[in-house]
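As a plain string of letters, each chain reads:
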Amino acid sequence: MAAPTWVQNPTTGADANATSTTLAFVSNVTAGNSIFVGIRIGATGRTITVSDTLGNTYGGSPGTTGDVTQAQTTDGHQTYLFSAHNIAGGANTVTVAISGAATTIRFNIGEASFGGTASLDQTASAEGNGTDPSSGATATTTINDELVVGVGSNSAGTAWTAGGTYTERGNAPVADTGRTAMETLIVSTTGAQTATWTITGTKTWSALVGTYGVAGAAAGHPAMRRWGGVPYMMITSPGWVN
């Protein structure tokens, strides 16, 4: 079974005090892949609209949750994860817009390849105060090969470092009002997944995680096909693009 492939992500995320802002992929995205958007909004309870120049549809947009969300009830920010699957290909810029008055919007984007149409499997989220943000554990995943996407935000500009075997996939710029980080992990067996980080200084934070795999490729039940009358298994794995 081939390992998933990360395709691309901008090094620096979007950063604005506004009702909408944009972030472009460095290279063209590939048709059939997936896009992930990790967002921090400097207020809670807003309706979030995620769109792009290729007209891809982001699950839960417009809405107040996306794939998963977590409010930080002490300092009043909120973190979200949105995704689009089986995307159109080409040059692409992602826009995040919010309802209500202007506030800080920070987000990171990335592209992943799954060898098929991916879908959301499990999520978890948490908030806290300290130097070691954690999403908490998901329920056991149901697909062997999955991409795990973690998004974390905090109350003031500080450095985020991906935890464990996760890979950092972008940090929104540091301003005095908080940073947003995205990280990923590719797994080949089912199990509970937790996104973790370390940050400099004790801060209030929110963290979340989503797991994604190829729709219909249930754990232990790869698709059976036939070639020349001989049955064989077709197995694909996710891969991160940007």
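Procedures and definitions
- Residues numbered from 1 in each chain as written.
- Predicted model: local features only at pLDDT ≥ 70, side-chain atom pairs only at ≥ 80, totals over all residues.
- Heavy atoms only, no water.
- Helix = DSSP H or I, 4+ residues; strand = E, 2+ residues; numbered from the N terminus.
- Buried < 20%, exposed > 50% of the residue type's maximum accessible area, 1.4 Å probe, protein only.
- Lys, Arg positive; Asp, Glu negative; His and termini not counted.
- Salt bridge = Lys/Arg side-chain N within 4 Å of Asp/Glu carboxyl O.
- Polar contact = N/O pair within 3.5 Å; in protein donor to acceptor, adjacent residues only side chain to side chain.
- Contact = heavy atoms within 4.5 Å.
- Core = buried A, V, L, I, M, F, W, Y, C linked by side-chain atoms within 4.5 Å.
- Pairing = 2+ DSSP bridges.
- Axes fitted to C-alpha atoms, helices over the stretch in contact; angles between N-to-C directions.
- Phe/Tyr/Trp six-rings, centres within 6.5 Å; stacked < 30°, edge-to-face > 60°.

On to the side chain of glutamate 183. One can find glutamate 183 in strand β14 (residues 180-187). Here glutamate 183 sits buried without a salt bridge, and the closest side chain of opposite charge, arginine 169, lies 9.4 Å off (N-O distance). One polar contact links the side chain of glutamate 183 to the main-chain amide nitrogen of threonine 196, over a distance of 3.2 Å. Within the structure, the side chain of glutamate 183 is placed 3.1 Å from the side chain of tryptophan 197, a separation counted as a polar contact. Among all residues touching glutamate 183, those that are not within four sequence positions of it are Val148, Val149, Gly150, Ala162, Gly163, Tyr166, Thr167, Glu168, Arg169, Ala195, Thr196 and Trp197.

Next up on the list: the nonpolar core. The biggest cluster of nonpolar side chains holds 21 residues, and the ones touching the most others in it are Val37, Ile39, Ile48, Val50, Val94, Val96 and Phe107. Elements represented by at least two residues in this core include exactly β4 (34-41), β5 (48-52), β7 (78-84), β8 (93-98) and β9 (103-113). In terms of residue count, β4 provides more of this core than any other element does, 4 residues in total. When near neighbours in sequence (up to four residues on either side) are disregarded, valine 50 contacts Val37, Ile39, Tyr58, Ser61, Phe82, Val94, Thr95 and Val96. Core analysis: the next-biggest nonpolar cluster, separate from the first, contains 14 residues, Ala124, Trp205, Ala207 and Val209 among them.

Under the criterion given, the structure shown has 1 salt bridge. Of the charged contacts in the structure, one is a salt bridge between arginine 106 and aspartate 15, with a shortest N-O distance of 2.8 Å. Here the residue arginine 106 occupies a position in strand β9, and aspartate 15 occupies one in strand β2 (residues 14-18), the gap between them amounting to 91 residues. What makes arginine 106 buried here is its relative accessible area of 3%.

With that settled, the discussion passes to the sheet that holds strand β11 (residues 146-154). In space, the 5 strands of this open sheet follow the order β10-β16-β11-β14-β13, with antiparallel pairing throughout. Across the chains shown, the open sheet's two edge strands, defined by having one partner strand only, are β10 (118-130) and β13 (167-171). This sheet shows a mean twist of 20° between the axes of neighbouring strands, independent of strand direction. Pairing of β13 with β14 involves 3 bridges; the strand directions are antiparallel. Bridge assignment links threonine 167 to a residue of β14, and that residue is threonine 184.

A separate point is the packing of aromatic side chains. Using the criterion set out here, one finds 4 aromatic pairs in the structure. When the ring of phenylalanine 36 is compared with that of phenylalanine 114, the centres are 6.4 Å apart and the planes differ by 50°; the resulting orientation is tilted. Taken together, the positions of phenylalanine 36 in strand β4 and phenylalanine 114 in the loop between β9 and β10 put the pair 78 residues apart, joining distant regions of the chain. Side by side, phenylalanine 36 and phenylalanine 114 carry an identical accessibility label, which is buried. Geometrically, the ring pair formed by tryptophan 160 and tryptophan 197 is edge-to-face, given 5.3 Å between the ring centres and 80° between the ring planes. Of the two residues, tryptophan 160 sits in strand β12 (residues 160-162) while tryptophan 197 sits in strand β15 (residues 197-199), which places them 37 residues apart along the sequence. Residue classification places tryptophan 160 among the buried residues on the basis of a relative accessible area of 3%. We classify tryptophan 197 as buried; its relative accessible area is 3%. One aromatic cluster is present, built from ring pairs that chain together Phe36, Phe114 and Tyr212.

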